[in-house]
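Each chain is listed here by its residues.
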Amino acid sequence: MPIRSIRSLAYEDLRPGLSEMVLKTVTDQDVVGFADISGDQNPIHLCDVYAAKTRFGQRIAHGLYTASLISAVIGTRLPGPGAVYLSQTLNFRAPVKIGDVVRVHVEVAELIPARQRARLVCECAVDAAVVLEGEAWVRVPSRAELDAAA
């Protein structure tokens, strides 16, 4: 995923409606690499012959690979380094195939100042079809915490 640059936002920088979007073309190398790292060697992800006989008709990316693209946005762009994942819900709507361009969109939906928490609405889409949606809760460091860590 070509991240334009790493951006680190402090809790004080966030506001509802702030969002970030990135595009990622899913490659064979991505799927094979994710299978190696995760240990998920399901042939629907790795074997053309097997996958051709499934309802998808071809190999598909791991659902958690697609979800990891959300993690990449949270960790590098919104809010960026220093943010700590607390939870993530995932609703898988459609498969992602090799060669698909996934649009990953993360938006601040709610802020909890007392605990420096942000609720983020997360969506992955291919063309006009939503393939994954959910919510993440993250703890976001304050400006003072970011400055102290630099």
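What you see is a predicted model, and the numbers here were worked out from it, not measured in a lab.

Definitions and limits used
Residues numbered from 1 in each chain as written. Predicted model: local features only at pLDDT ≥ 70, side-chain atom pairs only at ≥ 80, totals over all residues. Heavy atoms only, no water. Helix = DSSP H or I, 4+ residues; strand = E, 2+ residues; numbered from the N terminus. Buried < 20%, exposed > 50% of the residue type's maximum accessible area, 1.4 Å probe, protein only. Contact = heavy atoms within 4.5 Å. Core = buried A, V, L, I, M, F, W, Y, C linked by side-chain atoms within 4.5 Å. Salt bridge = Lys/Arg side-chain N within 4 Å of Asp/Glu carboxyl O. Arc of directions from axis to C-beta. Pairing = 2+ DSSP bridges. Patch = residues over 30% accessible without salt bridge, like charges linked within 9 Å, V, L, I, M, F, W, Y side chains within 5 Å. Areas by Shrake-Rupley, 256 points an atom, 1.4 Å probe, with all protein chains shown as cover.

Peer 1: How do you make sense of the overall build of the protein when you look at a structure like this?
Peer 2: When its secondary structure is counted, the protein shows five helices and six strands. Counting from the amino terminus, helix and strand elements in the protein follow one another as β-α-α-α-α-β-β-β-β-β-α. Looking at the protein residue by residue over its 150 residues, the buried ones come to 37%. Look at the contacts in the protein between residues 6 or more apart in sequence, and 66% of them connect residues 24 or more apart.

Peer 1: Honestly, the nonpolar core in this entry has me stumped. Any pointers?
Peer 2: Most often, soluble globular proteins have nonpolar side chains that are buried together. In this structure, L14, I70, V102, V104, V106 and L120 are the most contacted members of the largest nonpolar core, which totals 31 residues. Only α1 (28-38), α4 (63-76), β4 (101-112), β5 (117-126) and β6 (129-139) provide two or more residues apiece to this core. If one sorts the elements of this core by residue count, α4 sits on top with six residues. Setting aside its immediate chain neighbours within four residues, V104 contacts E20, M21, V22, L69, I70, V73, E123 and C124.

Peer 1: For this particular structure, what's the right way to read the pattern of salt bridges?
Peer 2: Any two side chains of opposite charge can pair, so long as their charged atoms come close to each other. By the definition in use, this model includes eleven salt bridges. For the salt bridge of R7 with E20, the shortest nitrogen-to-oxygen distance reads 3.1 Å. Taken together, the residues R7 in the segment before β1 (19-25) and E20 in strand β1 connect sequence positions 13 residues apart. What you see here is one network of salt bridges that share partners, running through R7, E20 and R77.

Peer 1: It is not clear to me how α1 should be interpreted in this structure. Could you clarify?
Peer 2: Structurally, the α-helix is built with 3.6 residues per turn, so residues lying three or four positions apart point the same way. For α1, the full list of buried residues reads D30, V31, F34 and A35. With its buried residues spanning 130° around the axis, α1 presents them on a single face. Facing away from the buried side of α1, by more than 90 degrees, are the exposed residues Q29, D36 and I37. The inward-facing, buried residues of α1 contact β1, α2 (43-46) and α4. G39 occupies a position one or two residues after α1 and carries a positive phi of about 85°.

Peer 1: Hey, could you run me through the pairing of β4 in this one?
Peer 2: Successive side chains on a regular strand alternate, one facing one side of the sheet and the next facing the other. Where β1 and β4 come together, seven bridges link them in antiparallel fashion. By the bridge assignment for β4, K24 is matched with V102. Strand direction decides the pairing type here: β4 and β5, joined by ten bridges, are antiparallel. When the sheet's bridge partners are listed, E110 is paired in β5 with R119. The turn linking β4 back onto β5 is made up of four residues, and Q116 within it adopts a positive phi angle of 55°.

Peer 1: Just checking my understanding: could you explain a nonpolar patch on the surface for this structure?
Peer 2: Side chains of M21, L23 and V101 sit close together on the surface and give an oily, nonpolar patch of about 240 Å² of accessible area. Relative to the elements of secondary structure, M21 occurs in strand β1. Judged by relative accessible area, M21 falls into the partly exposed class, the value being 35%.

Peer 1: What is the right way to look at unusual backbone geometry in this model?
Peer 2: Most peptide bonds take the trans form, and the phi angle of most residues other than glycine is negative. Residue P79 is bonded to the preceding L78 through a cis peptide linkage, with omega at 0°. Here P79 shows up in the loop between α4 and β2 (84-88). With a phi angle near 55°, Q116 is a residue other than glycine that sits in the positive phi range. Inspection of the secondary structure puts Q116 in the loop between β4 and β5. Judged by relative accessible area, Q116 falls into the buried class, the value being 18%.

That is the geometry; function is a separate question.
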